[in-house]
Amino acid sequence: MKFYSTKSPDQFVDIKEAVIRSLPADNGLYMPEKINQLSDEFWASWKDMEFAEMGAAVVKTLFADAVPAADLDALVKDALNFEAPTVQLDETTSILELFHGPTLAFKDFGARFMARLMAYLTKDDESDLTVLVATSGDTGGAVADAFLGVEGTRVVILYPKGKVSLLQEKQLTALGGNITALEIDGSFDDCQRMVKAAFLNDEVNETLTSANSINISRLVPQMLYYFDAVRKAGDDLVFVVPSGNFGNLTAALIATQMGMPVKHFVAATNANDVVPQYLDSGDYQPRPSVPTISNAMDVGAPSNFARMEEIYGNSWEDMKANISGYTYNDEQTREAIRAVKERYGYTIDPHGAVGWLAAEAWKSEHPGDHTVILETAHPSKFIDIMEEELGAGSVEIPERLAILAEREKVATPMAPDEAALAEWLKENL
Ligand SMILES: *Cc1c(COP(=O)(O)O)cnc(C)c1O
C-alpha cells in the first residue's frame, strides 16, 4: 500500500513518509493509493468480534501490506482500549458517545493510534521526533496525552489565546514532561497557518511531524466507531457529524468506500459553515473562522475538504447526494442543550448539541429515519457553558480532568507570526 498527494496523483510515497511527514511538499493531502474492500469473510464475522478485533481487521485491510499484519494488530488493540457506547434517546435518535478515552474527546481514537504508529515507524531512527500541532481545543490535549512519556518524541502545541476553555487549556499546558505549549495571540487559523509554514520551511522541518487531522493515520481509527455503530444498529443509519476540519466525516466516507453500508450523512456546523454553504451552492469559499461556544469546530478553511473532493471525484452533485449540511448559531446551540436535558434527561455538550439540532432538522424532512449523533466531547470540558444553561453543579467533572485542573498552566506566549515560530523552533529543538 502506497500513498499519493491529492495534488500529485501519480507520485507515491510509503507509509512512513505519509505518516511522519504528514504534509506533502506540494501542499496537498495524502490519500491511500486505493481503498481496499473488506472481504466476504469479514462481513461474515464482523458482528461476533470484540471492538478492537474488528477494528484491527478493518485497519489491516486498508493498510494491506504497508505494515506487517501482526504488528498492526497489536497497535490497534493497544490504541483502542476504550469503547464507544451508544445511548438511545428515542426510537429514531441515538447518541454515539465518543468521549470515553483519556482526554474525554473523540480525538483520543486518532491520537492514540497515530502516536503508536509513529513510534513504531521511527523506532530505528537516530534523531528524536517533534510533533508540531495546532489546536482549536481538543486535538492538542488528545495528542499530548497520547505522546506523553513516549521516548524519542516531543510535542509542541500551538493554541489560540483565550479561545479554548479553562479545562482544555490545562490539558495542553499542565502535563509537563515532553509536552510544550505555545500560546498564540491570534485565532486557530493563525495557529494552523504557522504550523503549515513551519512544515514548508527547510530550515526547521527536518525532524518535524504533524498531528493535525491532515495526518492520514488519525483518520484510520476514526472509521472504527462507525463500523461498530452500524453492526449494532443496522445498515440504514443517518450519521450526524458535528464538524470543523471534517476529519471525522472524511473517515466515515473512507469507511463507506471500504463497503460499510449507511443511508446518509449529515454535516452539522456552527457559524463556521463553509461546507454547508458549498453543499448548498456548489461554491467553496473558505474564510477566516469566527469564535463560537462549540470551539473545536471553529474552522474557516477545513483541511480535509480536499480529501472529500477527492473521494467524490470533484463532483458536487455526488457529494451532495451523500451529505447534507446544516448550520446553527450559539443561541440555538444553548437552547438545544436545555431542550435535550428537558426532553431526555441527557446532558449534551455544545458540539453534540449542534448535531442534535441537525438531526431534528433532518428528521422533520425524513420522518422515521434513524439518526445517530456523534457526541464528540464530554460536557465537563465546557463546564462554563453547561452551567450557564443547566445550572451550577449540573455536570460532574471526571476525575482524570479534575486532577489536571489543579495543576499549574505553563505556556510560552507568541505573536501570530510564522517567523516567530521558526525562530523558536531553531532555538529550542
Ligand atoms: C475536533 C472536534 C470536532 C470536529 O471534528 P473534525 O474532525 O475536525 O471535523 C467536533 N467536536 C469536538 C469536541 C472536537 O474536538
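Residues numbered from 1 in each chain as written. Predicted model: local features only at pLDDT ≥ 70, side-chain atom pairs only at ≥ 80, totals over all residues. Heavy atoms only, no water.

As recorded by an unreviewed UniProt entry, the protein carries the name Threonine synthase and is attributed to Persicirhabdus sediminis. Within the UniProt record for the protein, the comment given under Sequence similarities (unreviewed entry) is "Belongs to the threonine synthase family." In its Catalytic activity (unreviewed entry) section, the UniProt entry covering the protein states "O-phospho-L-homoserine + H2O = L-threonine + phosphate". (UniProt positions renumbered as here; feature names shortened; annotations may be inferred.)

Here we take up the site of the ligand. Around the ligand sit 15 residues, and of these Lys107, Asp138, Gly244, Phe246 and Thr376 come closest. Glycine 244 has a polar backbone atom sitting 2.8 Å from an oxygen atom of the ligand. Burial of the ligand by the protein amounts to 97% of the accessible area it has alone, namely 380 Å². (Near = heavy atom within 4 Å. Polar contact = N/O pair within 3.5 Å; in protein donor to acceptor, adjacent residues only side chain to side chain. Areas by Shrake-Rupley, 256 points an atom, 1.4 Å probe, with all protein chains shown as cover.)

Reading across from one edge, 4-5-13-10-11-12 is the order of the six strands in this open sheet, with mixed pairing throughout. Across the chains shown, the open sheet's two edge strands, defined by having one partner strand only, are strand 4 (86-90) and strand 12 (323-327). With direction set aside, neighbouring strand axes in the sheet form an average angle of 25°. Along the sheet, helix 11 (residues 247-257) contacts strand 10 (237-242), strand 11 (264-269), strand 12 and strand 13 (370-375); its crossing angle with strand 11, the most-contacted strand, is approximately 170°. (Pairing = 2+ DSSP bridges. Helix = DSSP H or I, 4+ residues; strand = E, 2+ residues; numbered from the N terminus. Axes fitted to C-alpha atoms, helices over the stretch in contact; angles between N-to-C directions. Contact = heavy atoms within 4.5 Å.)

What follows covers the packing of aromatic side chains. In this structure the tally under the stated criterion is 17 aromatic pairs. Taking the centre distance of 6.4 Å and the plane angle of 90° together, the rings of tryptophan 46 and phenylalanine 227 count as edge-to-face. In this pair, tryptophan 46 is assigned in the loop between helix 2 (40-45) and helix 3 (51-63) and phenylalanine 227 in helix 10 (residues 224-233), connecting sequence segments 181 residues apart. Consider the rings of phenylalanine 239 and phenylalanine 265, whose centres lie 6.2 Å apart with planes at 20°: the pair is stacked. Here the residue phenylalanine 239 occupies a position in strand 10, and phenylalanine 265 occupies one in strand 11, the gap between them amounting to 26 residues. In this structure phenylalanine 239 comes out as buried when scored by relative accessible area, which is 0%. Members of the aromatic cluster, joined through ring pairs, are Phe82, Phe109, Tyr225, Tyr226, Phe239 and Phe265. Geometry around tyrosine 120 places lysine 123 over its ring, the cationic atom sitting 4.1 Å from the centre. (Phe/Tyr/Trp six-rings, centres within 6.5 Å; stacked < 30°, edge-to-face > 60°. Buried < 20%, exposed > 50% of the residue type's maximum accessible area, 1.4 Å probe, protein only. Lys NZ or Arg CZ within 6 Å of the ring centre and 35° of its normal.)

Before going further, it helps to examine the packing of helix 8 (residues 188-199) against helix 19 (residues 418-428). Look at helix 8 against helix 19: their axes get within 9 Å of each other, and the N-to-C directions meet at 55°. As summarised for this structure, helix 8 and helix 19 are arranged oblique, according to the angle between their axes. In the crossing of helix 8 with helix 19, the sense of the turn from one axis to the other is right-handed. Here Arg193, Met194, Val195, Ala197 and Ala198 of helix 8 lie close against helix 19, whose contacting residues are Glu418, Leu421 and Leu425. Looking at the contact of helix 8 with helix 19, its residues break down into six nonpolar, no polar and two charged. (Parallel < 35°, antiparallel > 145°, perpendicular 65-115°, else oblique. Left-handed = near helix turned anticlockwise from the far one by under 90°. Nonpolar A, V, L, I, M, F, W, Y, C, P; charged D, E, K, R; others polar.)

This next bit is on the pairing of strand 2 (residues 8-13). Strand direction decides the pairing type here: strand 1 (residues 3-5) and strand 2, joined by three bridges, are antiparallel. Bridging from a neighbouring strand, tyrosine 4 pairs with phenylalanine 12 of strand 2. Between the antiparallel neighbours strand 1 and strand 2 lie two residues.

What follows covers unusual backbone geometry. One non-glycine residue, asparagine 27, adopts positive backbone phi at about 75°. If you trace the backbone, asparagine 27 turns up in the loop between helix 1 (15-21) and strand 3 (30-32). The class of asparagine 27 is partly exposed, set by a relative accessible area of 32%. Notably, asparagine 314 is not glycine yet its phi reads approximately 60°, a positive angle. If you trace the backbone, asparagine 314 turns up in the loop between helix 13 (305-311) and helix 14 (316-322). Here asparagine 314 falls in the exposed class, since its relative accessible area comes to 55%.

So, on to the pattern of salt bridges. Applying the stated criterion to the full structure yields 19 salt bridges. The salt bridge involving aspartate 78 is made with arginine 116; its shortest N-O contact spans 2.8 Å. In this pair, aspartate 78 sits in helix 4 (residues 69-79) while arginine 116 sits in helix 5 (residues 107-121), placing the two residues 38 residues apart along the sequence. Exposure remark for aspartate 78: the relative accessible area of 44% places this residue in the partly exposed category. Within the structure, one salt-bridge network assembled from shared partners comprises Arg334, Arg338, Glu388 and Glu389. (Salt bridge = Lys/Arg side-chain N within 4 Å of Asp/Glu carboxyl O.)

Before going further, it helps to spend a moment on the environment of lysine 196. With respect to the helices and strands, lysine 196 occurs in helix 8. In sequence terms lysine 196 and glycine 177 are 19 residues apart; their C-alpha atoms lie 25 Å from each other. What lysine 196 contacts, discounting residues up to four positions off in sequence, is Leu23 and Asn27.

As a further point, take the sheet that holds strand 7 (residues 153-160). Ordered by their spatial adjacency, five strands build an open sheet running 9-6-7-8-14, and the pairing between neighbours is parallel. Looking at strand neighbours, the two that pair on one side only are strand 9 (208-210) and strand 14 (412-414), the edges of this open sheet. Averaged over all neighbouring strand pairs, the angle between strand axes comes to 30°, with direction disregarded. In the sheet, strand 7 pairs with strand 8 (residues 179-184) via six bridges, with the strands oriented parallel. Considered in strand 8, the bridge of valine 156 is made with threonine 180. In the packing of helix 8 onto the sheet, the strands contacted are strand 6 (129-134), strand 7, strand 8, strand 9 and strand 14, and the crossing angle to strand 6 comes to about 150°.

Those residues carrying the UniProt feature "domain: Threonine synthase N-terminal" (unreviewed entry) are residues 2-79 in this numbering. Regarding residues 2-79, the helix share stands at 47% and the strand share at 15%, and the terminal C-alpha atoms are separated by 23 Å.

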